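Letter by letter, the chains look like this.
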Amino acid sequence: MAGQAGRPVPRAVQPRDQEPGAGDRQLLRPLTHYEFSQRMARQLGNAVLLSVDAFGHCILGQSQCVDKAAARYLTTLEVPQPGQVCQPNLQPF
């Protein structure tokens, strides 16, 4: 099965201790779990996590919101607002 721009759609992977959708709105999980990113941001102490409500692992080039935030950080060192959630340019479904 192919998704956006002919890319493969990630297979659904659920934690062994949960039924699909139980306590987690991200049903299709990439290899790097979102909880790991949240924990890393907390442990670093001075990090801001920019979240994307999308499927997959890499979003650069697929979300204007993320692209603009990355460009602002790289050119001005301005970080995104804490809790900011971006959307992809195209929804897969």
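Let me sum up the structure you'll find in this document. These numbers were taken from a predicted model, which means no experiment stands behind them.

Definitions and limits used
Starting from 1, residues in each chain are numbered consecutively following that chain's sequence as written. Local features are withheld for residues below a pLDDT of 70 in this predicted model, meaning they are given only at 70 or higher, and side-chain atom pairs are given and counted only at 80 or more; totals for whole chains, interfaces and linings count all residues. Hydrogens and water molecules were not included; the side-chain quantities draw on all heavy atoms of the structure. Here, two cysteine sulfur atoms that lie within 2.5 Å of each other are counted as a disulfide. The helix count covers DSSP runs of H or I at least four residues long, the strand count covers runs of E at least two residues long, and both are numbered beginning at the N terminus. Between buried and exposed lies partly exposed: a residue is buried under 20% and exposed over 50% of the maximum accessible area for its type, with that area taken using a 1.4 Å probe on protein chains only. Salt bridge criterion: a side-chain nitrogen from Lys or Arg within 4 Å of a carboxyl oxygen from Asp or Glu.

## Quick notes on the state of the cysteines
Part 1 of the argument: Inspection of the entire model under this criterion finds one disulfide.
Part 2 of the argument: Disulfide pairing places C65 opposite C86 at an S-S distance of 2.0 Å. Taking the torsion about the sulfur-sulfur bond, which here is approximately -50 degrees, the covalent link between C65 and C86 counts as left-handed. One end of the pair, C65, is in helix α2 (residues 64-76); the other, C86, is in strand β2 (residues 85-86), with 21 residues separating them in the sequence.
Part 3 of the argument: By relative accessible area, which is 25% here, C65 ends up partly exposed.

## Focus on the pattern of salt bridges
Part 1 of the argument: Inspection of every chain in the model, using the stated rule, returns one salt bridge.
Part 2 of the argument: For R72, the salt bridge identified is with E78, shortest N-O distance 3.8 Å.
Part 3 of the argument: Exposure remark for R72: the relative accessible area of 33% places this residue in the partly exposed category.
Part 4 of the argument: Residue E78 is classed as partly exposed on the basis of its relative accessible area, which comes to 44%.

Note that every value here comes from positions in space, so none of it alone points to a role or purpose.
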